Amino acid sequence: MQQPEQIPDDMKKVGSERMAELLGAALKVGSDLDLQTLLRRIVEAAVSLVDARYGALGMLDEEGVGLAQFITVGISSEQISKIGPLPTGHGILGLLIRDPKPVRLPDLTKHPESFGFPPNHPPMSAFLGTPIRGRDEILGNLYLTDKRNGDEFTDVDEQLVIAFAAAAAVAIDNARKHARLRRATLAEDRARIARDLHDTVVQRLFATGLSLQATERLSSDESVKARIHTATDDLD
């Protein structure tokens, strides 16, 4: 199993209680090998870790230039349907894609890269985002907005989220490996079943052909014998 390599060194400001929260968040996402379930757990754990009102995880597409998936927490299904299509990587979201490093803002709407919100989108202000770095690639980005107490995100919040993103990257990588292994095993099982079915069908057809040949020899009706002979040829 891959182990975290990118836990930040500068964690001196993080107290023991917050470190315990970080450990708890990492454990929540480290045990699930179903990728889609894992991605949602990552967002839920990140939101809880820094007491954010909203959170999202954007998984990058194969080219690494846009978002292929966007999992949200804090916005209801009804709100999502009213907002419309999910983000693909514009504005602040795209900033983390183009320049994958942590971003902490007191008000994201005042940033020059801000793209604005679509109609029916809840207002958001304080922002904290960080890339999720795999061993050889950026897997996606974590986006968190609006602390529930109305404060801005702190330096400690940022350090915690960076550390959590490293643990999340390991969990995602493990889940992907598990999915590939499961698909390979499924393909092998399907091939084996197909071979077994093929062998069974051939055996049944051969037995049926022998039975028809025996019946043909027992029949004295030439028309019946001809039909049985034709059927035997078809089976062959």
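Residues numbered from 1 in each chain as written. Predicted model: local features only at pLDDT ≥ 70, side-chain atom pairs only at ≥ 80, totals over all residues. Heavy atoms only, no water.

Trainee: Could you give an account of unusual backbone geometry, with specific residues and numbers?
Mentor: Negative phi is the rule for most residues except glycine; trans is the rule for most peptide bonds. Phi angles above zero are rare outside glycine, and Asn-120 is one such case at about 75°. Here Asn-120 is to be found in the loop between strand S3 (103-105) and strand S4 (127-133). Of note, Asp-146 is a non-glycine position whose phi angle comes to about 60°, a positive value. Along the chain, Asp-146 falls in strand S5 (residues 138-147). (Helix = DSSP H or I, 4+ residues; strand = E, 2+ residues; numbered from the N terminus.)

Trainee: Lay out the packing of helix H1 (residues 16-30) against helix H2 (residues 35-50) in plain terms, naming residues and giving numbers.
Mentor: Geometrically, a packed helix pair is captured by the angle between its two axes and the distance between the axes. Following both chains from N to C, one finds H1 and H2 inclined at 170°, their axes separated by 9 Å at the closest point. One element, H1, and the other, H2, form an angle in the roughly antiparallel class. Contacts between H1 and H2 pair Arg-18, Glu-21, Leu-22, Ala-25, Lys-28 and Val-29 from the former with Leu-38, Arg-41, Ile-42, Ala-45, Leu-49 and Val-50 from the latter. Counted by class, the contact of H1 with H2 contains eight nonpolar, no polar and four charged residues. (Axes fitted to C-alpha atoms, helices over the stretch in contact; angles between N-to-C directions. Parallel < 35°, antiparallel > 145°, perpendicular 65-115°, else oblique. Contact = heavy atoms within 4.5 Å. Nonpolar A, V, L, I, M, F, W, Y, C, P; charged D, E, K, R; others polar.)

Trainee: Account for the environment of Arg-176, naming residues and giving values.
Mentor: With respect to the secondary-structure elements, Arg-176 resides in helix H5 (residues 155-218). The exposure class of Arg-176 is partly exposed, given its relative accessible area of 25%. With 143 residues separating them along the chain, Arg-176 and Leu-33 place their C-alpha atoms 7.9 Å apart. Apart from residues lying up to four places away in sequence, Arg-176 is in contact with Leu-35, Met-59, Glu-137 and Leu-139. (Buried < 20%, exposed > 50% of the residue type's maximum accessible area, 1.4 Å probe, protein only.)

Trainee: Please provide a residue-by-residue account of the pairing of strand S2 (residues 67-73), values included.
Mentor: Successive side chains on a regular strand alternate, one facing one side of the sheet and the next facing the other. The buried count for S2 comes to five of seven residues, which makes it a mostly enclosed element. Relative to S2, strand S1 (residues 52-60) is paired through six bridges, and the arrangement is antiparallel. Considered in S2, the bridge of Leu-57 is made with Ile-71. What sits between S1 and S2 in their antiparallel hairpin is a turn of six residues, with Gly-64 showing a positive phi close to 75°. (Pairing = 2+ DSSP bridges.)

Trainee: Residues and numbers for the nonpolar core, please.
Mentor: By size, the foremost hydrophobic cluster in this structure holds 36 residues, and its most contacted members are Ile-42, Leu-57, Ile-132, Leu-142, Leu-144, Phe-164 and Ile-172. Secondary structure elements with two or more residues in this core: H1, H2, S1, S2, S4, S5 and H5. Top element by residues in this core is H5. It accounts for eleven residues. Discounting residues that sit within four places of it in the chain, Phe-164 has contacts with Leu-22, Ala-25, Ala-26, Val-29, Ile-42, Ala-45, Ala-46, Leu-49 and Leu-142. Membership of the second largest hydrophobic core comes to 18 residues, among which are Ala-56, Leu-60, Phe-70 and Val-103. (Core = buried A, V, L, I, M, F, W, Y, C linked by side-chain atoms within 4.5 Å.)

Trainee: Which residues make up the pattern of salt bridges, and what values go with them?
Mentor: Counting across every chain of the model gives eleven salt bridges. Asp-51 serves as the salt-bridge partner of Arg-148, at 3.9 Å between the closest nitrogen and oxygen. Residue Arg-148 is located in the loop between S5 and H5, and its partner Asp-51 is located in the loop between H2 and S1; the two are separated by 97 residues in the primary sequence. The class for Asp-51 is partly exposed, based on a relative accessible area of 35%. Here Asp-155 makes a salt bridge to Arg-104, at a shortest N to O gap of 3.8 Å. You can see Asp-155 sitting in helix H5 and its partner Arg-104 sitting in strand S3, a full 51 residues away along the chain. (Salt bridge = Lys/Arg side-chain N within 4 Å of Asp/Glu carboxyl O.)

Trainee: A description of H2 should follow, citing residues and the corresponding values.
Mentor: Here H2 spans 23 Å end to end across 16 residues, near enough to the 22 Å set by a 1.5 Å rise per residue. Buried residues of H2: Leu-38, Leu-39, Ile-42, Val-43, Ala-45, Ala-46, Val-47, Leu-49 and Val-50, and no others. In the segment just after H2, Asp-51 is the residue with positive phi, at about 55°. (Expected span 1.5 Å × (residues − 1).)

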